[in-house]
Amino acid sequence: MLEVHDLHASVGEIKILRGINFTVKKGETHAIMGPNGSGKSTFANVLAGRPEYTVTKGEVLLDGKNLLSMEPDVRAREGVFLAMQYPVELPGVRYNQFLKAALDAIREHKGEDQIDIRAFNQLLKEKGDLVEINPDLMRRNVNEGFSGGEKKRSEILQMALLEPHLALLDETDSGLDIDALKTVADGVNRLQDPEKSVILVTHYQRLLNYISPDFVHVLIDGKIAKSGDHKLALELENKGYDWLRETIPPVSETSGESAS
Amino acid sequence: MTNPNNPNVISRQSKIDDQEYKWGFTIDVDSDVAPKGLNEDIVRLISEKKSEPPWMLEWRLRAFRLWEKMRDEEPEWANVEYPSIDYQDIIYYASPLTKDNDRPKSLDEVDPEMLQAFEKLGIPLNEREALAGVAVDAVMDSSSVTTTFKEKLEELGIIFCSFSEAIQNHPELIKKYLGTVVPYSDNFFATLNSAVFSDGSFAYIPPGVRCPMELMTYFRINEADSGQFERTLIIADKGSYVSYLEGCTAPIRKKSQLHAAVVELVALDDAEIKYSTLQNWYPGDKDGQGGVYNFVTKRGKAQGINSKISWTQVETGSAITWKYPSVILQGDNSSGEFYSVALVNNHQQADTGTKMTHIGKNTRSTIIAKGISAGKAENTYRGLVKIMPSAEGAKNFTQCDSLLIGDQCGAHTVPYIEVKNPTAQIEHEATTSKVSDDQLFYCMQRGVSAEESNYMIINGFCRDIFKELPFEFAVEAGNLLRVSLEGTVG
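We now turn to the structure provided with this report. Predicted model, so just to flag it, every value in this text is computed and none were measured. (Residues numbered from 1 in each chain as written. Chains lettered and ligands numbered in written order. Predicted model: local features only at pLDDT ≥ 70, side-chain atom pairs only at ≥ 80, totals over all residues. Heavy atoms only, no water.)

## Remarks on the pairing of strand β20 (residues 349-358) of chain B
All names here are of chain B.
Link 1 in the chain: Counting buried residues along β20, nine of its ten residues qualify, which places the element largely inside the surrounding structure.
Link 2 in the chain: When strand β17 (residues 320-323) meets β20, the two strands line up parallel, connected through four bridges. Looking at β20, one finds that T321 is bridged to A350.
Link 3 in the chain: Two elements, β20 and strand β22 (residues 378-387), share ten bridges in a ladder whose sense is parallel. By the bridge assignment, T352 is partnered in β22 with Y381. (Buried < 20%, exposed > 50% of the residue type's maximum accessible area, 1.4 Å probe, protein only. Helix = DSSP H or I, 4+ residues; strand = E, 2+ residues; numbered from the N terminus. Pairing = 2+ DSSP bridges.)

## A few points about the pattern of salt bridges
Side chains carrying opposite charge are able to pair once their charged atoms draw close together.
Residues and elements named next belong to chain A.
Link 1 in the chain: This structure, assessed with the given rule, holds 33 salt bridges over all chains.
Link 2 in the chain: A salt bridge links R77 to D73; the shortest N-O distance between them is 2.6 Å. Of this pair, R77 and D73 both sit in helix α2 (residues 72-77), separated by four residues, roughly a single helical turn.
Link 3 in the chain: By relative accessible area, which is 7% here, D73 ends up buried.
Link 4 in the chain: Between K239 and E235 there is a salt bridge; the shortest N-O distance is 3.4 Å. Placement of both K239 and E235 in helix α7 (residues 230-239) is noted, with a separation of four residues, approximately one turn of the helix.
Link 5 in the chain: The exposure class assigned to K239 is partly exposed, which follows from its relative accessible area of 47%. (Salt bridge = Lys/Arg side-chain N within 4 Å of Asp/Glu carboxyl O.)

## Here's the deal with the side chain of E315 of chain B
Residues and elements named next belong to chain B.
Link 1 in the chain: Here E315 lies in strand β16 (residues 308-315).
Link 2 in the chain: Assessed through its relative accessible area of 2%, E315 is described here as buried.
Link 3 in the chain: Sequence-distant contacts of E315, that is, excluding residues within four places in its chain, are made with T277, Q279, N294, T321, K323, V341, A342 and L343. (Contact = heavy atoms within 4.5 Å.)

## A look at the sheet that holds strand β2 (residues 14-24) of chain A
Residue and element names in this part refer to chain A.
Link 1 in the chain: As summarised here, the arrangement of the four strands in space is β2-β1-β4-β5, forming an open sheet in which the pairing is antiparallel. A strand with exactly one partner marks an edge of an open sheet, and here the two such strands are β2 and β5 (65-66).
Link 2 in the chain: Examined bridge by bridge, strand β4 (residues 54-62) and β5 share two bridges and lie antiparallel to one another. If you follow L61 over to β5, its bridge partner there is N66.

## Things to note about the nonpolar core
Link 1 in the chain: One finds L2 and L7 of chain A together with I372 of chain B to be the most contacted residues of the largest nonpolar core, which totals 116 residues.
Link 2 in the chain: Counting only domains with at least three residues in this core, you end up with domain 1 (22-436) and domain 2 (437-490) of chain B.
Link 3 in the chain: In contact with L2 of chain A, not counting residues within four places along its chain, are F22, T23, V24, L47, V60, L61, L62, L166 and I199 of chain A. (Core = buried A, V, L, I, M, F, W, Y, C linked by side-chain atoms within 4.5 Å. Domains from an automatic or database assignment.)

## Re helix α4 (residues 117-130) of chain A
Residue and element names in this part refer to chain A.
Link 1 in the chain: The end-to-end C-alpha distance of α4, which contains 14 residues, comes to 20 Å, matching closely the 20 Å that a straight helix rising 1.5 Å per residue would cover.
Link 2 in the chain: Along α4, the residues classified as buried are F120, L124, K127 and G128. The buried residues of α4 all sit within an arc of 105° when viewed along its axis, so they share a single face.
Link 3 in the chain: Its buried side turned inward, α4 meets α3 (95-109) and α5 (148-162).
Link 4 in the chain: Two or three places before R118, at the opening of α4, D116 has a side-chain oxygen 3.1 Å from that residue's backbone nitrogen.
Link 5 in the chain: Following α4 by one or two positions, E132 has its phi on the positive side, about 50°. (Expected span 1.5 Å × (residues − 1). Arc of directions from axis to C-beta. Polar contact = N/O pair within 3.5 Å; in protein donor to acceptor, adjacent residues only side chain to side chain.)

## Details of the sheet that holds strand β9 (residues 166-170) of chain A
All names here are of chain A.
Link 1 in the chain: If you walk across this open sheet you meet the six strands as β6-β9-β10-β3-β11-β12, and the pairing is mixed. The sheet is open, and its two borders are formed by β6 (80-83) and β12 (223-228), each paired with just one other strand. On average, adjacent strands in this sheet sit at an angle of 20° to one another, irrespective of strand direction.
Link 2 in the chain: Note that strand β3 (residues 29-33) and strand β10 (residues 197-202) share five bridges and pair parallel. Note that in β10 the partner of I32 across the bridge is V201. (Axes fitted to C-alpha atoms, helices over the stretch in contact; angles between N-to-C directions.)

## A short note on the interface of chain A and chain B
Link 1 in the chain: Opposite the 42 residues of chain A that make contact, chain B presents 24 residues.
Link 2 in the chain: In total, about 2700 Å² of surface goes out of reach between chain A and chain B, with carbon and sulfur atoms giving 57% of it.
Link 3 in the chain: Linking chain A with chain B are two salt bridges.
Link 4 in the chain: Ionic pairing is found between D438 of chain B and R50 of chain A, a salt bridge with its closest N-O pair at 2.9 Å.
Link 5 in the chain: Our enumeration of links across chain A and chain B arrives at 13 residue pairs in polar contact (both at pLDDT 80 or more). (Buried area = accessible area lost by both parts, 1.4 Å probe.)

## Some points on unusual backbone geometry
Residue and element names in this part refer to chain A.
Link 1 in the chain: A positive phi angle is found at E132, which is not glycine, with a value near 50°.
Link 2 in the chain: Relative to the elements of secondary structure, E132 occurs in the loop between α4 and β8 (141-142).
Link 3 in the chain: Residues other than glycine seldom take positive phi values, yet N143 does so here, at roughly 65°.
Link 4 in the chain: Note on placement: N143 falls in the loop between β8 and α5.

Encoded structure:
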């Protein structure tokens, strides 16, 4: 469903992705790991179309369509969801109204009617229970005054509600205590479906104790240094990342510390 | 709008060419129009056209003579720029003609063209179809067209009629209150208005009556080259309550039009007046041609003990807005509120804010002003909180938030605070922000279009103000905001 060919991307003058080749089939879960600054978050954000990243080379196909030519909202309606590392606050924008607008935009794209408000509230409650989120949040402004854990649960709730074909989770595990981590992992596991694919971006192996990926890829200096199955994650936990650095040629340009 | 050099960047180039002012049509009715220019004869003509009693003409003439002396005193302190106004090139009286050259006595006598026009503006004047729970006084150019639900209100002793009618039918109230809040000598534009004011609304709520419906005046400029100088007076007698709404539009005209209104509110003991405005005068085109100059004096006097006056305004129109709805907090324990959203786009300029003058003991005022600037527009909040020596225990809270869209617009905050009583408590908060790329991306990543995301974020910014509006007005305010923002994100 997702094919990435020789993808290069920069922030301003700084090159971050340097030729990524990568394929995800329907129903697969891929984990992308790597040290800080390796470009793993950039990769997820480039797929979602975050404007500060510039694609300088390469091609990305989603179900055969040219993903890079689509605006971020079109990508979302085509089924790409990014659970963000730092969800931004939207003052004055009610959480439930925001999510209804999002769901309706996606439904409209599929040629469906807007969801009835009562059906929506019921659906929101179900999905909220799934990630054990405080129901009071639904009446608050988007992400405003949410704790770190609540923001992450909220991202998973949104993913469950919008039912993407391709879910990108950008360090959703960072900053979570073990209970929250289990809940988040549980939420992700419930979404797994033969039609849907997941890409997990993570720095630590611990999330992979709860979500078992089909493939693990290690990103170093903007390239995939090694791919394997879930055992690779355990190997990384024991050996760190340095042993992989020697396997790719050294790079002379800045490696882009700003892009974790 | 993909940037051709970089498919991953959302272009923020504005496409304001597409912007339309959908209220910009002209209404084709015959009008009785005075010759251009201003002199004593014109003042007399206006008074005569309205069959006013001599005391009213006298008042107008006093104002006119004073205004002539003030000719060099047109205010220049506001942060707005415009070519000097030629006061001899304006029509001071224009009134839609009716069958017998009189104000229509019933809807049947109103020109169907005009009824249709108001309907098109969303203000049906036929009571069967009228907005539920809203009594409307429709004013076009210099005259009130009709007032709905008048009889129903009369049963409760509420007077709601055009200002001209009030002069005829309730002279004692007009004499008692006219100019007591905004004297004819108040300022250049108020003095001009006092000389040539045409029509407007009058409302009186008797003691202890809670007005069961919203009272609304809909102002419409139609005639080319005409100015609109309406005057509104609302009196809430002891223990009464009224919610009053004001809406305004004007056709698209290449030349700028002057609107200089005066609004006076009086709240007696335990009375409350809630005054809401949706101001959507024609803002001019994208190059700053045309548009209404909105130079308005609005002031309320919370005269009685425990009285309350609340101004809520959503200002999206006009080429220039110069307006400071204020409250004189005279009664002990009286309170004043000012909630404002001022949105400027393209070449619009707004200098707006409020004055809260605390005189009585334990008086309280709240100011929440939200300014939104887009295009090449300039937005200024100007406010004065004044605590007089007598205002023991006065409290004020002020919050001014500015939101910038794009990098060619400006936001300015000019708060003045004068405290002459040491027991006063004053709080002032101010913020300036932008719709961030992160916020836009977050919304768009959930499937919401760029335009809708922008609207959603800005609507959120205005939430604290919109929630103060009556429900139907709040919906309309949201729609106005949406239209005014069109083209601010690509």
